[in-house]
Amino acid sequence: MKKISIVLGALLMVGSISSCKKEEKEKDKLEIPTTYDGTNFNANTVTEDALIKQIVALTDEGKKGRNLDYTISKSTLEDLFTLGSPSLSSEITLFYKEKFEGNNGWFDKMAKASGNRWVPQAPEEGDKGGVFAGYLFDENGLEYQELIEKINFQAILFNRAINLMQGNISLSTVDQLVAVFGAKPTFANSASNNVAVEIRDRAMANYASRRDKNDGKGLYSQIKKAFITLQAAILAGDDYQSEQKQAIKDIKLLWEKISMATVINYCHSPISKLSATTRSDADRASALHAINEGIGFLYGIKEINQTHRKITDAQIDEILVLFNAPATGTATVYKFATDPVTELPKLQQVIDKLKAIYGFSTQEIEDFKTNWVSSQNR
């Protein structure tokens, strides 16, 4: 009888395991729709919308300093940074909060540079920078308005997205992720004036659309699919946890790749403009402006927790040195305008390093030269 009981128990156990395996096999493949359900999107994303609008307000105030007749107020910049609930100040990583605020912080330096004229050159004692061909730089060629805006996209918006991805994710959380990325449920894949304001892409989604050829294969299309997949997996229930995790992983990497594809774009432009035989002040200023945008997109990821990103701090620091904007030490970004023959090869090295880190193809690197929204008039 004892032997019979053991045999029966074993058979029951085998049957149970077989049944579990059968249930696993019978789980339907996740059906992924082609569109995103934005039924409650506006109600769920009030905070994310406010944060992006506050970044725009801070950026717009900084842009006023491009006018030689306008003097920026440090206190106005700090108010735009600290007002609101949550404020930009409360959302940003501590590393950048300390860089922006206080005496000799970036707000202070931007204010002191405004109202002055400047030309790219080795700084002399007392040089505060100023306006050069329509852009406001410090004495070392740093454009703080651009650095702050692009860093905010990463150290505030991307950082918030990563925090939202921790723990249990609900349908409202997915809405918040889409919003903090800067997209709307329609995923316009455009930030041009051809698209209605209420559905136009903002923040990082704006730059994702610029990097996408609109052929259904680009970075914008990929991250759109990842957001839709995440929403579908949550709707499908707990059996689809693995699909949720994969979608989250995809969103993080794609956000990062979009950022770095944009850094590459902002290397291509100065190489083209400063390699010309004749270089106008407008060309030199535009080139320095593009380089600062690239620095900002790269630099802002530095304080994101390493477990959520591919690029390492060591790699970021190496590339910042190539940009003449080391994380520690004095920047010499102006040298790209004063000595392009010596300095421009560094930008090609930036492109090559990012290509290797992210596995971008040669064709992708070529495609990143183009603003596809403008090129395709969409």
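Calculation notes
All residue numbers here refer to positions counted from 1 along the written sequence of the relevant chain. Where local features are concerned, this predicted model is filtered to residues with pLDDT of at least 70; where side-chain atom pairs are given and counted, the filter is 80 or more; whole-chain, interface and lining totals use all residues. Heavy atoms throughout the structure, all of them, feed into the side-chain values; hydrogens and water do not. Numbering goes from the N terminus for both helices and strands, where a helix is a DSSP run of H or I of at least four residues and a strand is a run of E of at least two. In this analysis, two residues are considered to be in contact whenever any of their non-hydrogen atoms come within 4.5 Å of each other. Within this document, salt bridges are pairs made up of a side-chain nitrogen of Lys or Arg and a carboxyl oxygen of Asp or Glu, the two lying within 4 Å of each other. To sort residues, take the accessible area from a 1.4 Å probe on protein chains only and compare it with the maximum for the residue type: under 20% means buried, over 50% means exposed, and anything in between is partly exposed. Note on ring pairs: Phe, Tyr and Trp rings are taken, using the six-membered ring of Trp, and paired if centres are within 6.5 Å. Classes follow the plane angle, with under 30 degrees stacked, over 60 edge-to-face and the rest tilted. To form a nonpolar core, buried Ala, Val, Leu, Ile, Met, Phe, Trp, Tyr and Cys residues must be joined to one another through side-chain atoms within 4.5 Å. Here the expected length of a helix is defined as 1.5 Å per residue gap, with one fewer gap than residues. Each direction from the helix axis to a C-beta atom contributes to the arc, which is the arc of those directions.

**So, the environment of Ser89**
You can see Ser89 is positioned in helix α5 (residues 88–91). Distance in space between the C-alpha atoms of Ser89 and Ile156 is 8.9 Å, their sequence separation being 67 residues. Excluding residues that lie within four positions of it along the chain, Ser89 makes contacts with Phe81, Thr82, Lys97 and Glu101.

**Structural notes on the pattern of salt bridges**
By the definition in use, this model includes 19 salt bridges. A salt bridge links Asp367 to Lys213; the shortest N-O distance between them is 3.6 Å. Of the two residues, Asp367 is situated in helix α17 (residues 362–367) and Lys213 in the loop between α10 (203–210) and α11 (219–236); the sequence distance between them amounts to 154 residues. We classify Asp367 as buried; its relative accessible area is 14%. Given the relative accessible area of 32%, Lys213 is considered partly exposed. A salt bridge links Arg309 to Asp313; the nearest nitrogen and oxygen atoms lie 2.7 Å apart. On the basis of relative accessibility, which here comes to 8%, the residue Arg309 falls in the buried class. Where salt bridges share partners, they join Arg66, Glu143, Glu146, Glu149, Lys150 and Glu293 into one cluster.

**Description of the packing of aromatic side chains**
In this structure the tally under the stated criterion is 24 aromatic pairs. Geometrically, the ring pair formed by Phe95 and Tyr96 is edge-to-face, given 4.8 Å between the ring centres and 90 degrees between the ring planes. Residue Phe95 is classed as partly exposed on the basis of its relative accessible area, which comes to 26%. You can call Tyr96 buried: its relative accessible area is 0%. With centroids separated by 5.7 Å and ring planes inclined at 50 degrees, the aromatic side chains of Phe181 and Phe227 adopt a geometry described as tilted. Highlighted residues: Phe181 in helix α9 (residues 171–181) and Phe227 in helix α11, separated in sequence by 46 residues. The residues Phe181 and Phe227 share a single accessibility class, namely buried.

**Here we look at the environment of Gly129**
Assignment of secondary structure puts Gly129 in the loop between α7 (106–113) and β1 (130–132). On a C-alpha basis, the gap between Gly129 and Val195 in space is 38 Å, while along the polypeptide they are 66 residues apart. Residues contacting Gly129, with those up to four places away along its chain left out, are Ala113, Asn116, Arg117, Trp118, Phe137, Asp138 and Glu139.

**So, the nonpolar core**
With 107 residues, the main nonpolar core has Leu157, Phe181, Ile311, Phe323 and Leu354 as its most contacted residues. Per element, the largest residue contribution to this core is 13 residues, and it comes from helix α12 (residues 241–274). With residues up to four places along the chain from it excluded, the contact list for Phe323 reads Val263, Cys267, Ile291, Gly294, Ile295, Leu298, Val333, Phe336, Leu347 and Val350.

**Comments concerning the side chain of His308**
Take His308: it is sitting in the loop between α13 (281–299) and α14 (313–322). Under the relative-accessibility criterion, His308 is labelled buried at 15%. Residues in contact with His308, not counting those within four places in the same chain, are Phe158, Ile162, Gln166, Lys252 and Glu256.

**So, helix α3 (residues 46–63)**
Across its 18 residues, α3 extends 26 Å between first and last C-alpha, which sits within 8% of the 26 Å expected from 1.5 Å per residue. Listing the buried residues of α3 in full gives Glu48, Leu51, Ile52, Ile55, Leu58, Thr59, Glu61 and Gly62.

**What to know about unusual backbone geometry**
With an omega dihedral of 0 degrees, the bond running from Ser85 to Pro86 counts as a cis peptide bond. For Pro86, the location among the structural elements is in the loop between α4 (74–82) and α5. Phi is positive for Phe187, close to 45 degrees, though the residue is something other than glycine. Here Phe187 shows up in the loop between α9 and α10.

**Focus on α4**
Along α4, the residues that are buried comprise Lys74, Leu77, Leu80 and Phe81. Viewed along the axis of α4, the buried residues span an arc of 130 degrees, placing them on a single side of the element. On the buried face of α4, the contacting elements are α3, α5, α6 (94–100) and α7. Downstream of α4 by a residue or two, Gly84 has a phi angle that is positive, lying close to 100 degrees.

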